[in-house]
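Per-entry structural report
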Amino acid sequence: MLFLVDAMLGNIAKKLRVLGFDSEYFSNIDDSKLIEKAKNENRIIISRDHHLIERAIKHNILLVYITKENEIEQFLEILKITHLQLDEISGDSARCTKCNSLTSKISKLELENKIPQGVLEYNEKFWKCVGCHQIYWEGTHIKNLQEFVRKIKLKS
Ligand SMILES: [Zn+2]
């Protein structure tokens, strides 16, 4: 399942990426281009812009219309339409929050002098984005999301 998240929902795009879902996001793109991209790449549009939603419907694009303000409730709206499974949160399947690329495991030795010593000492697993080379470790993006997913499960 591939997503295209509209400019107003950057936080949702980031969370979907950590959960391992391919989610394109552009802070500045016009609606026609967005619709074309969704069509060409078979992406589900996630948006809270009703003008965009109306256009997407005319083009028969699958979509999730976000109406809530709260992020947990917004996620519940997504789950209701897409039936995404949120069981596994792992650095191995997470995508880069910055560019949506896949990440791959990287050994501590390769990171010597490249990230703060304290981070190296207190973490065992590291990943590197294959696209923009951003480095990730569990403390950064996995643990916060585990808590978020736990809250969603309590509500769903
Ligand atoms: Zn990246």
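**Examining the sheet that holds strand β5 (residues 103-106)**
Read across the sheet, three strands follow the order β5-β6-β7 without closing on themselves; strand pairing throughout is antiparallel. With one partner strand each, in any of the chains shown, β5 and β7 (135-137) form the two edges of the open sheet. If you compare each strand with its neighbour and ignore which way they point, the axes differ by 35 degrees on average. In this structure, β5 lies alongside strand β6 (residues 126-129), joined through four bridges in antiparallel fashion. From the neighbouring strand, I106 faces β6, where its bridge partner is F126.

**Considerations on the coordination of the zinc ion**
Around a metal, the idealised angle for a tetrahedral arrangement of four donor atoms is 109.5 degrees; for an octahedral arrangement of six donor atoms it is 90 or 180 degrees. Coordination of the zinc ion by the protein involves C96 (SG), C99 (SG), C129 (SG) and C132 (SG), with metal-donor separations of 2.3 Å. Here the zinc ion binds four donor atoms, and the angle range of 99 to 119 degrees at the metal identifies the geometry as tetrahedral. Counting gaps between the donor residues of the zinc ion yields the pattern C-x2-C-x29-C-x2-C. Of the two residues, C99 is situated in the loop between α4 (71-82) and β5 and C132 in the loop between β6 and β7; the sequence distance between them amounts to 33 residues. Classification of C132 as partly exposed rests on a relative accessible area of 36%.

**Observations concerning the sheet that holds strand β3 (residues 44-47)**
The four strands are arranged β2-β1-β3-β4 in an open sheet whose pairing can be described as parallel. Lying at the two open borders of the sheet, with one neighbouring strand each, are β2 (23-25) and β4 (63-65). Each strand of the sheet is rotated relative to its neighbour by a mean of 20 degrees, with strand direction disregarded. As paired elements, β3 and β4 share three bridges and run parallel to each other. Its bridge partner being in β4, I45 is matched across the sheet by L63. Where α4 meets the sheet, it contacts β1 (3-5), β3 and β4, and its direction lies at approximately 145 degrees from that of β4.

Rules of the game
- Residue indices follow the written sequence of each chain, beginning from 1 at its first position.
- The predicted origin of the model limits local features to residues at a pLDDT of at least 70 and limits the giving and counting of side-chain atom pairs to 80 or more, whereas totals for whole chains, interfaces and linings rest on all residues.
- Heavy atoms throughout the structure, all of them, feed into the side-chain values; hydrogens and water do not.
- Should DSSP find at least two bridges between two strands, the strands are regarded as paired.
- For helices the rule is a DSSP run of H or I covering at least 4 residues; for strands it is a run of E covering at least 2, with both sets numbered from the N terminus onward.
- As a rule, the C-alpha atoms of each element are fitted with a line to give its axis, helices using only the stretch in contact, and angles between N-to-C directions run from 0 to 180 degrees.
- Keep in mind that water is not among the atoms, so a site may look incomplete; donors are the N, O and S atoms within 2.8 Å of the metal, or 3.2 Å for Na, K and Ca.
- A site with four donors is called tetrahedral when every donor-metal-donor angle falls between 85 and 135 degrees; four donors are called square planar, and six octahedral, when opposite donors sit more than 155 degrees apart and all other angles fall between 65 and 115; any other arrangement is irregular.
- Residue burial is assigned from relative accessible area. The probe radius is 1.4 Å, only protein chains are included, and a residue is buried under 20% of its type maximum, exposed over 50%, and partly exposed in between.
- We call two residues in contact whenever any of their non-hydrogen atoms come within 4.5 Å of each other.

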